[in-house]
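Architecture and fold: a report
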Amino acid sequence: MSDWLHQQRLEAVHAVVRACGARSVLDLGCGEGHLLVRLVAEPHIERIVGLDLSTAVLDRLRARLAASGAGAARVEIRLGCMTEAMPGLGGFDCAVLVETIEHVEPDRLSLVETAVFAVSRPETVVVTTPNAEFNPLLGVPTHRFRHPDHRFEWGRARFRRWASGVAARNGYRVECQDIAGRHSVLGGASQMAVFREERH
């Protein structure tokens, strides 16, 4: 995906984190920290935890944070998998999963749901994933995914069904929208679901 579309996606997620007023953020599948370094620049965010499966990627993120200096003391980097509930990952104001769920086998998404929505239970959860309907505009053949590590890519109706089910089963309300470029028919290159915990 083009850098311009990637920046739009990051801006959309960053805007949600800002709007919800989160003081603690959990970045699941943080990679090299494209979003995380943006969050470090937010002085009102007191705690950021980045989680990823790759030791090499996390080493690059640590080096990047060390080079930037500002706010790095508020960041904890952890090796782990978002399909497993891990100690110390509860009580966050916001969790973000940016272009990560499509790297999980569809029959294991229930594990992500349990770990994030049932166990960690952040007040706000932001999930983005590619919009398969947009693929022709990116030159992706119908028989292929955008990335060889993707296990699925959903159209907007399928993503909304999944998001609605997750919200209903776990006591959240959810809103979905197109992000990263908006085509009048095909939507955006990515799609975003914003889950907010229901208050009783």
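How each quantity is defined
- Residues numbered from 1 in each chain as written.
- Predicted model: local features only at pLDDT ≥ 70, side-chain atom pairs only at ≥ 80, totals over all residues.
- Heavy atoms only, no water.
- Buried < 20%, exposed > 50% of the residue type's maximum accessible area, 1.4 Å probe, protein only.
- Helix = DSSP H or I, 4+ residues; strand = E, 2+ residues; numbered from the N terminus.
- Pairing = 2+ DSSP bridges.
- Polar contact = N/O pair within 3.5 Å; in protein donor to acceptor, adjacent residues only side chain to side chain.
- Core = buried A, V, L, I, M, F, W, Y, C linked by side-chain atoms within 4.5 Å.
- 1 Å grid on protein atoms, 1.4 Å probe; cavity = no way out; pocket = protein on both sides within 12 Å on 5 of 7 lines; lining within 4 Å.
- Points joined across faces, edges and corners; volume = space filled by probe spheres on them.

**Considering the pairing of strand 7 (residues 187-197)**
The buried fraction of strand 7 amounts to nine of the eleven residues, a majority that puts the element mostly inside the structure. Here seven bridges tie strand 5 (residues 124-130) to strand 7, and the two strands are oriented antiparallel to one another. If you follow valine 127 over to strand 7, its bridge partner there is alanine 193. Pairing of strand 6 (residues 172-183) with strand 7 involves ten bridges; the strand directions are antiparallel. In the sheet register, glutamine 177 faces strand 7, and the bridge partner there is methionine 192. What sits between the antiparallel neighbours strand 6 and strand 7 is a turn of three residues.

**With respect to the side chain of asparagine 131**
For asparagine 131, the position within the fold is in the loop between strand 5 and helix 5 (156-170). The class for asparagine 131 is buried, based on a relative accessible area of 0%. Here glutamate 133 takes part through its backbone nitrogen, which lies 3.0 Å from a polar atom of the side chain of asparagine 131. Side-chain polar atoms of asparagine 131 contact the backbone oxygen of leucine 186, separated by 2.7 Å.

**Details of the nonpolar core**
Membership of the largest hydrophobic core comes to 28 residues, with the highest contact counts inside it found for Leu97, Ile101, Val125, Val127, Trp162 and Phe195. Within the residue set of this core, elements represented by two or more residues are strand 1 (24-28), strand 2 (47-52), strand 4 (94-98), helix 4 (109-120), strand 5, helix 5 and strand 7. For this core, the leading source of residues is helix 5, giving five residues. Judged by nonpolar contacts, the second largest core, of 26 residues, contains Leu35, Leu39, Ile48 and Val75.

**Focus on the layout of surface pockets**
The calculated volume of the largest pocket comes to roughly 850 Å³. Contributing to the lining of the largest pocket are 33 residues, with Gly29, Val98, Glu99, Thr100 and His103 lying nearest its centre. Elements with a minimum of two residues in the lining of the largest pocket: helix 1 (3-20), strand 1 and strand 2. For the lining of the largest pocket, the leading source of residues is helix 1, giving three residues.

Note that every value here comes from positions in space, so none of it alone points to a role or purpose.
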